[in-house]
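For reference, the chains in residue letters:
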Amino acid sequence: MECLPAKGPVSPHLPFGDQRSAPFYGKDILSVKQFTREDLEYIFGVAHEMREMVARVGSFDLLKGKIMASLFYEPSTRTSSSFLSAMKRLGGDVIPINEVRYSSVSKGESLPDTVRTLECYVDVIVLRHPEVGASALAARYARKPVINAGDGVGEHPTQALLDLFTIIEELGRVQGLTVTMLGDLKYGRTVHSLAYLLSLYGVKINFVSPEILKMPADILSQIEEKEITGAEFTDLDQALPETDVLYVTRVQKERFEDIAEYEIVKNAYTITPETLKAAKEQMIIMHPLPRVGEISIAVDDDPRAAYFRQMEYGLYVRMALLAMVLGKA
Ligand code: CP
């Protein structure tokens, strides 16, 4: 049994303005399973305020003097740059380590040693790693908050939070909606996290995927425990007409052990303007991005295409999370 220092504020002297009693102060963000409905309402309230503040003043000094490490062992455009932008818009600073091959990781440094190094210099660590559970491991060793920015095929909790925030900002509610998840439901960590968060609300979820890319059984049983209505399909046709949120995902080539299997399913679905003729007038199409052909660019000008707006909502959610774990919200 290892003896590690307790997670929490490192200094007994809180900098001016830090709210030790604030929800999430000093906490890790590792999994969507840590959140209650009340937590989500709180996060989305703060994110909404961040949206208004950015519209009004662009940047402000809420996190002045705070530093974030952005430690990415896997490629990223949106998550890494939105966290970086979030920190800068809040007046904080960033140590970006996006190319771990140029860091001491290339000399064989372990993840625990890397986070113990970084926390000497920063106040919060944002981590993306190819292995499931890597963020939880990092959090065990770090005294500063660790935010999971994606751990292999495991979870992507900040993406799921921004996805839910997108639905609320775009449609005004979650309760009572029908959400259809389409594509790679086996390897897509964003849908794993989102399915769990949606299960906290009274929604219907349709899972549409090729046979070999079905939603893992453990996630299906978790949402069934919450008495959520769910149905599985291989064709979108049956599910689309009742859909309020069509959540499209990329087939994750990098997760396949057998590339021949990827070749069979890579073009399983393509959303085009023709496809959307069967969809409601009032619905939204989401995608965590990047896309590689599963949504035709001809769909981009459709007002129902919310995937570019979804990226912007991610900025506000990540601003909220940073402010919260650093005791400023
Ligand atoms: N949605 C998402 O995680 O995108 P990136 O891989 O570009 O961060």
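From a predicted model like this one, the values you see are computed outputs, not experimental measurements. (Residues numbered from 1 in each chain as written. Predicted model: local features only at pLDDT ≥ 70, side-chain atom pairs only at ≥ 80, totals over all residues. Heavy atoms only, no water.)

As for the layout of surface pockets
Under the convention used in this document: Using protein atoms alone on a 1 Å grid, points that fit a 1.4 Å probe yet trap it form a cavity, whereas open point sets bounded by protein on both sides within 12 Å along at least five of seven lines form a pocket; residues with an atom within 4 Å of a point count as lining. Grid points are joined across faces, edges and corners, and a volume is the space filled by probe spheres set on the points. Numbering goes from the N terminus for both helices and strands, where a helix is a DSSP run of H or I of at least four residues and a strand is a run of E of at least two. The residue classification treats Ala, Val, Leu, Ile, Met, Phe, Trp, Tyr, Cys and Pro as nonpolar and Asp, Glu, Lys and Arg as charged. All others, Gly included, are polar. Throughout, the edges of the domains are those of an automatic or database domain assignment.
When its volume is computed, the largest pocket comes out at roughly 400 Å³. Lining the largest pocket are 22 residues, and of these Arg128, Arg189, Arg250, Leu289 and Pro290 lie nearest its centre. Mapped onto the lining of the largest pocket, the elements with two or more residues apiece are helix 2 (78-89) and helix 6 (189-198). Considering only residue class, the lining of the largest pocket consists of four nonpolar, ten polar and eight charged. For the lining of the largest pocket, the two domains that each supply at least three residues are domain 1 (32-156 + 315-325) and domain 2 (157-312).

Notes on the pattern of salt bridges
Between side chains of opposite charge, a pair can form as their charged atoms come close. Filter applied, for reference: Every case where a carboxyl oxygen of Asp or Glu lies within 4 Å of a side-chain nitrogen of Lys or Arg is listed as a salt bridge. Three labels apply to residues, based on accessible area from a 1.4 Å probe with only protein chains included: buried if under 20% of the type maximum, exposed if over 50%, partly exposed otherwise in between.
In this structure the tally under the stated criterion is 15 salt bridges. Of the charged contacts in the structure, one is a salt bridge between Lys280 and Asp244, with a shortest N-O distance of 2.7 Å. One end of the pair, Lys280, is in the loop between helix 8 (259-265) and strand 9 (284-286); the other, Asp244, is in the loop between strand 7 (229-233) and strand 8 (245-248), and 36 residues separate them in sequence. Notably, a salt bridge pairs Arg250 with Glu254, separated by 2.9 Å at the nearest N-O pair. Classification of Glu254 as partly exposed rests on a relative accessible area of 47%. Ionic contacts of the salt-bridge type, sharing partners, join the residues Glu74, Arg189 and Arg255 into one network.

Here's the deal with the site of the ligand
Our working rule: A molecule or strand has a residue near it when one of that residue's heavy atoms lies within 4 Å. Pairs of N or O atoms within 3.5 Å make up the polar contacts considered here, provided that, within protein, one atom can donate a hydrogen while the other can accept it, and that residues adjacent in sequence are counted only when both atoms are side-chain atoms. Under the convention used here, a 1.4 Å probe and the Shrake-Rupley method define accessible areas, while residue burial counts only the protein chains that appear.
Ser76, Thr77, Arg78, Thr79, Arg128, His156, Gln159, Pro288 and Leu289 make up every residue found near the ligand. Between Pro288 and the ligand, the recorded distance is 2.8 Å, taken from a backbone N or O atom to a nitrogen atom. Within the backbone of Leu289, an N or O atom sits 3.1 Å from a nitrogen atom of the ligand. Notes on the ligand: free accessible area 250 Å², of which the protein chains cover 91%. Each residue belonging to the shell around the ligand can be placed in one class, and the counts come to two nonpolar, five polar and two charged. If you count residues domain by domain, the shell around the ligand takes at least three from each of domain 1 (32-156 + 315-325) and domain 2 (157-312).

Overview of the packing of aromatic side chains
The condition that has to hold: Within 6.5 Å between ring centres, the rings of Phe, Tyr and Trp (the latter by its six-membered ring) count as paired, and their orientation is classed by plane angle as stacked under 30 degrees, edge-to-face over 60, tilted in between. To sit over a ring, a charge needs its Lys NZ or Arg CZ within 6 Å of the ring centre and within 35 degrees of the ring normal.
A complete count under the given rule lists six aromatic pairs for this structure. One Lys or Arg, Lys33, reaches over the ring of Tyr196 and ends 5.9 Å from the middle of that ring.

Things to note about the side chain of Ser296
As a reminder, the rule being used: Residue contacts are counted whenever heavy atoms from the two residues lie within 4.5 Å of one another.
Secondary-structure assignment places Ser296 in the loop between strand 9 and helix 9 (307-325). A polar contact is formed between the side chain of Ser296 and the backbone nitrogen of Ala298, at a distance of 3.0 Å. Among all residues touching Ser296, those that are not within four sequence positions of it are Thr270, Ile271, Thr272, Pro273, Arg291 and Tyr307.

Notes on the sheet that holds strand 9
Applicable threshold: At least two DSSP bridges between two strands are required for those strands to pair. To obtain each axis, a line is fitted to C-alpha atoms, and for helices this fit is confined to the stretch in contact; angles are then taken between N-to-C directions over 0 to 180 degrees.
The strand order 7-6-5-8-9 describes an open sheet built from five strands, whose pairing is parallel. Here the strands that pair on one side only, and so sit at the sheet edges, are strand 7 and strand 9. For this sheet the average axis-to-axis angle between neighbouring strands, irrespective of direction, equals 15°. Summarising the sheet, strand 6 (residues 204-208) and strand 7 pair through five bridges and their orientation is parallel. Residue pairing for strand 7: Ile205 is matched across the bridge by Gly230.

Thoughts on empty space enclosed by the protein
To find leftover empty space, a probe the size of one water molecule is rolled over the atoms. Applying the stated criterion across every chain, the model contains one cavity of 30 Å³ or more. Along the walls of the largest cavity sit 13 residues, with Thr249, Val251, Lys266, Tyr269 and Glu294 positioned nearest its centre. In terms of residue class, the lining of the largest cavity is made up of seven nonpolar, three polar and three charged.

Observations concerning the domain arrangement of the protein
In plain terms, the rule: Two parts placed together each lose some accessible area under a 1.4 Å probe, and the buried area is that loss summed for both.
Domain annotation for the protein reports domain 1 (32-156 + 315-325) and domain 2 (157-312). The C-alpha centroid of domain 2 is placed 25 Å from the C-alpha centroid of domain 1. Together, the buried faces of domain 1 and domain 2 total about 2,600 Å²; carbon and sulfur atoms form 60% of this surface. Put simply, domain 1 and domain 2 have three salt bridges between them. Our count for the contact surface shared by domain 1 and domain 2 stands at 16 residue pairs in polar contact (both at pLDDT 80 or more). Broken down by secondary-structure element, the contributors of at least two residues to the side of domain 1 that touches domain 2 are helix 1 (37-57), helix 2, strand 3 (124-129), strand 4 (146-151) and helix 9. The element contributing the most residues to the side of domain 1 that touches domain 2 is helix 1, with seven residues. Here the side of domain 1 that touches domain 2 is built from residues that sort into 14 nonpolar, eight polar and nine charged.

What about the pairing of strand 5 (residues 178-182)?
Going by this rule: Crossover handedness is defined here as right-handed if the route from the first strand over the helix to the second strand goes clockwise, with the strands pointing away from the viewer.
Within strand 5, five of the five residues are buried, which leaves it mostly tucked inside the rest of the structure. Alternating residues of strand 5 divide into Thr178, Thr180 and Leu182 and Val179 and Met181, and every residue in both groups is buried. In terms of handedness, the path from strand 5 via helix 6 over to strand 6 forms a crossover that is right-handed. One ladder, built from four bridges, connects strand 5 with strand 8; its direction is parallel. Within strand 8, the position partnered with Val179 by the bridge is Val245.

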